[in-house]
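Listed below are the residues making up each chain.
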Amino acid sequence: MILLIILAICLLSCRDPLTGSTSIPELVWSRNIAEADVIEYPMQIVLYENRTLVVEGRRIDMKQQLIGIDAASGGLRWVWDDYYDGTPNATIVPFVQSNKFIFGRGQKRYCVDLNNGTTIWKVLDSHINNGRFMKTIHPTQYCYHADISGDSVPMKFAFFVATTDQPESELLYQVDARVGATEPTFFVSKDGKEQILFVETIEKQGQLIPDTYLVCYDYRDKRIIYRTPFHISQRGGLMNVRPGIIYNGMFYKDAGRRIVCYDPNTGKLIWYQDFPGDFFFSGFIIVDGTIYANCEDTYLYALDAETGLIKWREKSSGTSSPLFYMDGVLYYVGGGDGMLHAVDAATGKHLWKIDPPERNDYGFTPSRPTGFDGRLYVTSWTTAYCYRVR
């Protein structure tokens, strides 16, 4: 009897305080990425060919560097620090195609070989990019949003496209707006035309609430297909500059305290769903017909992508990193608590949440986790980690 009591106490002591689950993740390896202080900009983590983890780090002299880490062992593969004049980089979302890693911020763009960490090319532009490099419908091509106003007022924005093989970029579209536009989503229309969708916000003189439009532009024929009022929430909330998502022929976008679904070919609103908060930080993902979104109202939601109806909601962290889905589980870093969360995608049940092994005042960074084959990769402000989650 005494033996059974001791065994029960041991089992209870191993349970996660959030859910009672004993399946907390196992730490496989950790590697320091900040030799001095903490990293300054949490760039999105990149996993190259499931063998090299690419993160941003900091040298002992406080200079930034890119670090290539062996995904299996945590060993160092390469280090890159060929920045212009040693100036810091503030990339948010890099672009990866084959072995080419495109990143930069401001007037700077770089291309690094992910096999060996060497510079393929680097360029100084006359315009200022926002540090987010997006895919198009062509594998070797990427797009970025830039300020082309120079010293003039008000600011003027444009979309540029370039290929990974050379640094030269091409103007795709100049935004005719006093406030700005979201990043474009590339798609092929029903009649085979290459087009982009974006949300444009125009503020007229003396206007308190700007006008917001969904714009469809044919960049081959250089003509606007439609510009229709965008159903942004009138109850406040912020809309992120990130592009919308094309899924099963429909266009999805956060719209303040709302998520909307449009037919991209016609600009017709299919459905919208309102929420108590916005999705500015986490955005949303769509997997197997379900939209997953971490709302600023401190709940994680699952919606039916076809109808917009809510399937479930689970108490969450509110502000968070973008979501990562793997093997039926949603992973994210809470912005308020700095903890790594795991949630069952089918039910919304919280499986576990953990601090970094050496907890500090910062916790994990709000970069989206990534992974493959049961291994999950995440960074704190000083360290990169690999966890085994199944």
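The structure this text deals with has already been given above.
What comes next concerns the included structure. (Residues numbered from 1 in each chain as written. Predicted model: local features only at pLDDT ≥ 70, side-chain atom pairs only at ≥ 80, totals over all residues. Heavy atoms only, no water.)

### Some thoughts on the overall build of the protein
Here comes step 1: Looking only at helices and strands, one finds one helix and 31 strands in the protein.
Here comes step 2: By residue count, 53% of the 390 residues in the protein fall in the buried class.
Here comes step 3: For the protein, restricting intrachain contacts to residue pairs at least 6 apart in sequence, the fraction spanning at least 24 positions comes to 44%. (Helix = DSSP H or I, 4+ residues; strand = E, 2+ residues; numbered from the N terminus. Buried < 20%, exposed > 50% of the residue type's maximum accessible area, 1.4 Å probe, protein only. Contact = heavy atoms within 4.5 Å.)

### Here's the deal with the environment of Arg223
Here comes step 1: Assignment of secondary structure puts Arg223 in strand E16 (residues 223–229).
Here comes step 2: Between the C-alpha atoms of Arg223 and Tyr173, which are 50 residues apart in sequence, the distance is 9.9 Å.
Here comes step 3: Once you skip the residues sitting within four places of it in the chain, Arg223 turns out to touch Cys216, Tyr217 and Asp218.

### Quick word on the pattern of salt bridges
Here comes step 1: Counted by the stated rule, this structure contains 16 salt bridges.
Here comes step 2: Residue Arg51 pairs with Glu49 through a salt bridge whose shortest N-O separation is 3.0 Å.
Here comes step 3: The residue Asp70 makes a salt bridge to Arg77 at a minimum N-O spacing of 3.0 Å.
Here comes step 4: The exposure class assigned to Asp70 is buried, which follows from its relative accessible area of 18%. (Salt bridge = Lys/Arg side-chain N within 4 Å of Asp/Glu carboxyl O.)

### A few points about the pairing of strand E26 (residues 329–333)
Here comes step 1: Buried residues dominate E26, accounting for five of its five residues.
Here comes step 2: What you see with E26 is no split at all: Val329, Tyr331 and Val333 on one side and Leu330 and Tyr332 on the other are buried throughout.
Here comes step 3: Two elements, strand E25 (residues 324–326) and E26, share three bridges in a ladder whose sense is antiparallel. Note on E26: the bridge partner recorded for Tyr325 is Leu330.
Here comes step 4: Two successive antiparallel strands, E25 and E26, enclose a turn made up of two residues, where Asp327 displays a positive phi of approximately 55 degrees. (Pairing = 2+ DSSP bridges.)

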